[in-house]
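Fold and geometry: a report
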Amino acid sequence: MSKEFKPYVPAESTDPEMTLKAVLLGVALSALFGAANAYLAMRAGQTIAATIPAAVIAIAAFRLPFFRGGVLEQNITRTAASVGEALVAGVAFTVPAFLLGGVWPDLSTHFWDAAWLMLAGGLLGIFFIIVLRRPLCVDSDLPFPEATACVEVVKAGQHGTTEAPRYVFGAMGLGAVLQFFTNSRGFTLFRESINGFLELPRVVIRRFDSSPTVGDVAHTGAMPYATPLASPALMGIGYIVGPRLAAINFSGTVFAWWVLIPLVLFIDPDLPRRLGAPAGVPVPWDAISQNVWFNVVRPIAVGTMLVSAVYTLYSMRESLLASVRGAMASTGRSGSAAFTSRLDRDIPLRWIVISVVALVIPIGLIYYRFTGQVGAAVLAALVMTVTGFVLSAVGGYLVGLIGSSNQPTSGLTLSALVVAALLMVGVGVRGLAGVAAVLGVASVVCIACSVSGSLIQDLKAGYLLGGTPWKMEVAEIISVSVLAFFLMWPILALHHTYTIGSRSLPAPQAGLMAVLAKGIVAGEMAWGLVLMGCLFGIALIMIDAPAPMLIAVGMYLPFETTSAIFVGGVLKWLADRIAAARKLSPAAKDVSEQRGTLLASGFIAGEAILAIILSVAFIIAEKLNYPDFSFTYLLARTNELAVYRDWGGVLSLVVFGVVAYVLIRGPFRKGLPDEK
């Protein structure tokens, strides 16, 4: 296969590749995309791959008169840029768990712990996947959908197609403007969401009992509801993942908020009183519903996630074994002198082995500081290394199959976490020390899986374009090393402004990791509810339900979050119907799909970046003794915003209308190839 393949840039090319400007631009873009995805990961539990947006920006940048560069330089920039999203995904899914689990009282005081975990996980992910490059990128027939799409964008950019940057940057600007008029730290013209509840009618139920004093009891309850968040970013996520996955995710939310919570409220009429609701006043159903969701529904979702993670690994056991065998079989060949072409040169295996050992030792010392036991620290380091390599292989294979945006990183991490937790209990490490060690293993493994998935996608794109593997690998090492000491700053800023674990920033994966680690090691798990969730997950598998993990994540997230993602999926469905009605040619359909993806990516980046900027502005204002700083607050003091406060919910329809128009009509603007 590799002998017949001809890359876009031939192996004999001597064009500049790993130049200083290419690496610096890549690192800067990586920081930008990383900060934006930190917001998405902790708010919606998802991140969006930065490969295509980074490629588009690189094409535009290297056309500037003072910054001109070729395809190989663009390839290095894109490779270095895309790692920011992957690195922050692994961090946002796990590091906040130290805070939510009570291990760290504050994130800021453990900045260096988090930075070293990030550095170790990122570099290990790179070294692990280098070993798997040939079996996954060269010798396999995996489709690598996102890498292939990225290559087509790059090729189109070299042939004079310049519309892609306009779509990305235009949507970024519009998304930032809409966020400014929605965010509580901006000029709050539009309300993000309207929450409420529908009180159920009173029903008299006869209780059957042997005692004659038990009679009829009146039951009531409520069904909470919320409008979708007026969020271009969340709607952009739904547009990219498509109507099917968005609907599957939302189905879990519907089950949680419109079935489980009303059921609990209905069957326990004394619950409001026990939770402190005063007698003689209307029941605060919104607060009660939130309480039930947090303490009852989320543990059930945890059980469903556990079963889904195990099932995912079991279903791909053959692929995992094939990937590992292929890596071992090709390792000797790839390190030999037989591979003289620059397209076959990786970082030598001996340097990979030395680097892995050099990383494992300091991580073992960190685990020793967590546990205070040499044996437990060594065991944790071994578990981290073995599971990290195996799960990186799994993640790399899945990226080749379905793309990095759909890689089940959280499911893979859960497996490593459960193994580490059981081993910590087995060697007698309990309490917060055991929880810290387990979360430390999970953090490194999660980051490694996420970064390895990003790199294998970039290496495949580089393989198709004709990039030099070892140069791409070095560029990614540089980017990870820099970002490991930067990305905690936007996370800290978001936590300071919105508070990690709150409804505004729920950090679902991190919350799940904290619950599991404390539950297994510290004995605080609501095992009865988790068991119910496991049985529900088994039932989903028995009926061959699509994506049980996605259903469980939907149960774990707030209603307004997943409903906004669902709205984005509906917009994608409408765009697909328009494309079908217009009977577009295959070329025109591909262009419209690409435009839609670029517009949605722009919305995501624009909102997320402005949220970071407003968070930083809030922190600066607080340092200057203006704790109530926001544009809304300053203007509201003159009562000029009274009408907007009253009509903000209705005015938020403007956000939905603008996003819908752009995502439905934007892909079909003039310039499409000839239609049928």
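Summary of the structure given here. All residue numbers refer to position in the chain's written sequence, counted from 1. It should be noted that, the model being predicted, local features are given only for residues of pLDDT at least 70 and side-chain atom pairs only at 80 or more, the latter also being counted only at that level, while totals for whole chains, interfaces and linings use all residues. Computation of side-chain values covers all heavy atoms of the structure but excludes hydrogens and water.

Some words on helix H16 (residues 431-465)
Its 35 residues give H16 an end-to-end C-alpha distance of 51 Å, which sits within 8% of 51 Å, the value for a rise of 1.5 Å per residue. A simple rule labels every residue: compare its accessible area, found with a 1.4 Å probe on the protein chains alone, to the largest value its type can have, and call it buried under 20%, exposed over 50%, or partly exposed in between. Secondary structure counts use DSSP, requiring at least four H or I residues in a row for a helix and at least two E residues in a row for a strand, with both numbered from the N terminus. Burial runs high along H16: 32 of the 35 residues are buried. After H16 finishes, the residue Gly-466 shows a positive phi value of roughly 100°. How far a helix is expected to stretch is found by multiplying one less than its residue total by 1.5 Å.

Let's talk about helix H2 (residues 51-61)
Most of H2 sits out of view: 10 of its 11 residues are buried. Burial in H2 covers these residues: Thr-51, Ile-52, Pro-53, Ala-54, Ala-55, Val-56, Ile-57, Ala-58, Ile-59 and Ala-61.

Quick notes on the packing of H2 against helix H3 (residues 71-94)
A fitted line through C-alpha atoms serves as each axis, taken over the contacting stretch for helices, and the angle formed by two N-to-C directions is quoted from 0 to 180°. Running from N to C, H2 and H3 cross one another at 140°; their axes reach a closest spacing of 9 Å. The orientation of H2 relative to H3 falls into the category oblique. Between H2 and H3 the crossing geometry is right-handed. Within the contact between the two elements, H2 uses Thr-51, Ala-54, Ala-55, Ala-58 and Ile-59 and H3 uses Gln-74, Thr-77, Arg-78, Ala-81 and Ser-82. Here the nonpolar group is Ala, Val, Leu, Ile, Met, Phe, Trp, Tyr, Cys and Pro; Asp, Glu, Lys and Arg are the charged ones; every other residue, Gly included, is treated as polar. When grouped by side-chain class, the residues that make up the contact of H2 with H3 number 5 nonpolar, 4 polar and 1 charged. For this classification, under 35 degrees means roughly parallel, over 145 means roughly antiparallel, 65 to 115 means roughly perpendicular, and everything else is oblique. For any pair of crossing helices, the crossing counts as left-handed if the nearer helix is rotated counterclockwise from the farther one by less than a right angle, and right-handed if it is rotated clockwise. Note on contacts: a residue pair qualifies if any of its non-hydrogen atoms lie within 4.5 Å across the two residues.

Re the nonpolar core
Counting residues in each nonpolar core, the largest one holds 207 residues, and the members touching the most others are Tyr-367, Met-384, Leu-439, Met-488 and Ile-491. Broken down by element, this core gets its largest block of residues, 20 residues, from H16. Not counting the four nearest positions on each side in its chain, Tyr-367 is found in contact with Ala-377, Ala-380, Ala-381, Met-384, Ala-437, Gly-440, Val-441 and Val-444. We define a nonpolar core as any set of buried Ala, Val, Leu, Ile, Met, Phe, Trp, Tyr and Cys residues linked to one another through side-chain atoms lying within 4.5 Å.

Structural notes on the pattern of salt bridges
A carboxyl oxygen of Asp or Glu within 4 Å of a side-chain nitrogen of Lys or Arg is what we treat as a salt bridge. All told, the structure shown has 6 salt bridges when counted by the stated rule. The residue Glu-593 makes a salt bridge to Lys-572 at a minimum N-O spacing of 2.7 Å. Taken together, the residues Glu-593 in helix H23 (residues 586-623) and Lys-572 in helix H22 (residues 559-581) connect sequence positions 21 residues apart. Given the relative accessible area of 29%, Glu-593 is considered partly exposed. Connected through salt bridges with shared partners, the residues Lys-572, Asp-576 and Glu-593 form a single ionic network.

Points about the environment of Leu-492
Relative to the assigned elements, Leu-492 resides in helix H18 (residues 488-498). Sequence separation between Leu-492 and Ser-108 is 384 residues; the distance between their C-alpha atoms is 6.8 Å. Not counting chain neighbours up to four residues away, the residues in contact with Leu-492 comprise Leu-107, Ser-108 and Phe-111.

Here we look at the side chain of His-110
If you trace the backbone, His-110 turns up in the loop between helix H4 (96-100) and helix H5 (111-131). Among the residues examined, His-110 registers a relative accessible area of 17% and is labelled buried. His-110 has contacts with Trp-104 and Pro-105, leaving out every residue within four places of it along the chain.

What to know about the packing of helix H13 (residues 349-371) against H16
In contact at an axis separation of 8 Å, H13 and H16 are set at 155° when each is read in the N-to-C sense. Between H13 and H16, the crossing angle belongs to the class labelled roughly antiparallel. Between H13 and H16, the residues in contact are Tyr-367, Phe-370 and Thr-371 and Ala-433, Ala-436, Ala-437, Gly-440, Val-441 and Val-444, respectively. The residue inventory of the contact of H13 with H16, partitioned by class, reads 7 nonpolar, 2 polar and no charged.

Some thoughts on the side chain of Ser-563
Positionally, Ser-563 belongs in helix H22. For Ser-563, a relative accessible area of 4% corresponds to the buried category. If sequence neighbours within four positions are ignored, Ser-563 has contacts with Thr-227, Pro-228 and Phe-250.

Everything listed here is a matter of coordinates, which is why it stays silent on function.
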